[in-house]
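# Structural features, examined
Chain by chain, the residues:
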Protein chains: 2
Amino acid sequence: MLSKKSKYAINALLYIAKHEAEQPIPVSRIAEERHIPLKFLEAILTELRNARIVKSKKGKYGGYSLNGTPADIDLAQVVRLFDGAIALLPCVTHDYYQPCEECVDETTCGIRQVALEIRNATVARLKDATLANLIERERQANT
Amino acid sequence: MLSKKSKYAINALLYIAKHEAEQPIPVSRIAEERHIPLKFLEAILTELRNARIVKSKKGKYGGYSLNGTPADIDLAQVVRLFDGAIALLPCVTHDYYQPCEECVDETTCGIRQVALEIRNATVARLKDATLANLIERERQANT
DNA sequence: ATTTTTCCTACCTATTTGGTAGGATTAGTA
DNA sequence: TACTAATCCTACCAAATAGGTAGGAAAAAT
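Here's what I pulled together on the structure shown here. Remember, predicted model here, so these are calculated numbers, not experimental data.

### A look at the interface of chain A and chain B
With 38 residues of chain A at the interface, the matching set in chain B holds 38 residues. Note on chain A versus chain B: buried area summed over both sides is about 3400 Å², and carbon and sulfur give 62% of it. B:Arg137 is paired through a salt bridge with A:Glu117; the nearest N and O atoms lie 3.2 Å apart. Where chain A touches chain B, the interface holds eight residue pairs in polar contact (both at pLDDT 80 or more). For the side of chain A that touches chain B, the elements supplying multiple residues, two or more each, are helix 1 (4-18), helix 5 (110-128) and helix 6 (131-141) of chain A. Among the elements that make up the side of chain A that touches chain B, the one with the highest residue count is helix 5 of chain A (ten residues).

### With respect to the environment of B:Val79
All names here are of chain B. Counting through the fold element by element, Val-79 comes out in helix 4 (residues 75-83). A relative accessible area of 6% means that Val-79 is categorised as buried. Through-space distance from the C-alpha of Val-79 to that of Pro-26 is 23 Å; in sequence the pair is 53 residues apart. Val-79 has contacts with Leu-2, Ser-6, Gly-84 and Ile-86, leaving out every residue within four places of it along the chain.

### Points about the protein's contact with DNA strand D
Neighbouring DNA strand D are 23 residues, the closest being A:Glu42, A:Arg49, A:Ser56, A:Tyr64 and B:Lys39. When atoms of DNA strand D within 4 Å of the protein are split into backbone and base, the sugar-phosphate part holds 70%. At 2.6 Å, a side-chain N or O of A:Glu42 approaches a base nitrogen of DNA strand D. Secondary structure elements with two or more residues in the surface near DNA strand D: helix 3 (38-50), strand 1 (54-57) and strand 2 (63-66) of chain A together with helix 1 (4-18) and helix 3 (38-50) of chain B. The biggest single contributor to the surface near DNA strand D is helix 3 of chain A, with three residues. Its residues assigned to classes, the surface near DNA strand D shows seven nonpolar, five polar and eleven charged.

### A closer look at helix 6 (residues 131-141) of chain B
Those residues of helix 6 of chain B that fall on the buried side of the exposure criterion are B:Leu131, B:Leu134, B:Arg137 and B:Glu138. Across the axial projection of helix 6 of chain B, the buried residues extend over an arc of 120 degrees, all falling on one side. In this structure, the buried residues of helix 6 of chain B make contact with helix 5 of chain A together with helix 1, strand 2 (63-66), helix 4 and helix 5 (110-128) of chain B.

### Here's the deal with the protein's contact with DNA strand C
As a structural note, the neighbourhood of DNA strand C is formed by 23 residues, with A:Lys39, B:Glu42, B:Arg49, B:Ser56 and B:Tyr64 the closest of them. Among the atoms of DNA strand C lying within 4 Å of the protein, the sugar-phosphate backbone contributes 73%. Here a phosphate oxygen of DNA strand C and a backbone polar atom of A:Lys4 are 3.2 Å apart. B:Arg49 has a polar side-chain atom sitting 2.7 Å from a phosphate oxygen of DNA strand C. Those elements that provide at least two residues to the surface near DNA strand C are helix 1 and helix 3 of chain A together with helix 3, strand 1 (54-57) and strand 2 of chain B.

Criteria and thresholds
Residues numbered from 1 in each chain as written. Chains lettered and ligands numbered in written order. Predicted model: local features only at pLDDT ≥ 70, side-chain atom pairs only at ≥ 80, totals over all residues. Heavy atoms only, no water. Contact = heavy atoms within 4.5 Å. Buried area = accessible area lost by both parts, 1.4 Å probe. Salt bridge = Lys/Arg side-chain N within 4 Å of Asp/Glu carboxyl O. Polar contact = N/O pair within 3.5 Å; in protein donor to acceptor, adjacent residues only side chain to side chain. Helix = DSSP H or I, 4+ residues; strand = E, 2+ residues; numbered from the N terminus. Buried < 20%, exposed > 50% of the residue type's maximum accessible area, 1.4 Å probe, protein only. Near = heavy atom within 4 Å. Nonpolar A, V, L, I, M, F, W, Y, C, P; charged D, E, K, R; others polar. Arc of directions from axis to C-beta.

Structure below.
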């Protein structure tokens, strides 16, 4: 399951993407419209900014903007940021690799093979799901 | 990521499946051979028994046996038992369904569409990964 | 009776999740 | 300069989950 952080982050990013012309958008507005606790969302957007997925502008009329186009930002980036590795096993992650201590032989491990296939399929789908793609999906579902 | 419970359970089940002729197998033997804490594994096997994935025999020369053939038991069952829903969002699970409270319209939600595709692909692969299948995979990788 | 096993109840610690509180700092505007 | 509206920063917190441990009762085979 995705954490609330990931879900809130995705919702906030989609909100900004859908109101691109009005950037930068203050946290308070996103929090209100998407019913996300203000202070919590503040922390989330700080993380997104540190990861350079959004950029911020301080002071009056400040707020957050996408750092790039909606086609540049995908769910894999967001999920990795807040929930860490996407894979089911640490031995099939790229960035967080760790052997399973109980594993006798990683190269022949059957569970690992399955986990690897699932990871690859999942990552591919999450990378395909850019903000632009999600907005387009919703547009199509609405007709 | 899978919990240790799931990983230990899968390893224990694979161990029993590989030693089918010697059933029932005592917890102590599995714990020793697969380096799993004894008492923890005891609790795990109790859960597997309650779920009727294994069956137990009490007393001397007792232990645990598979309840069915290695082709009957798949990873989806085990993962669901210990880690709950497989999906990324509660709104695309079957058994644990819950709407996302922040969601405006579930039928058009783009994130949901992606989550549903990922869930379906993942569940299919986990169901395909029966104990028999895993053992066969390891046999093939060994040649 | 002894041994070896499962079964049952209770407890425990560390980490993660999902927040909240309060104020300092920055920037635009009058 | 003063005011306002925003981000930024530090600290704290409660509940849930993960990953165990302890001790013994009950059952079954010899």
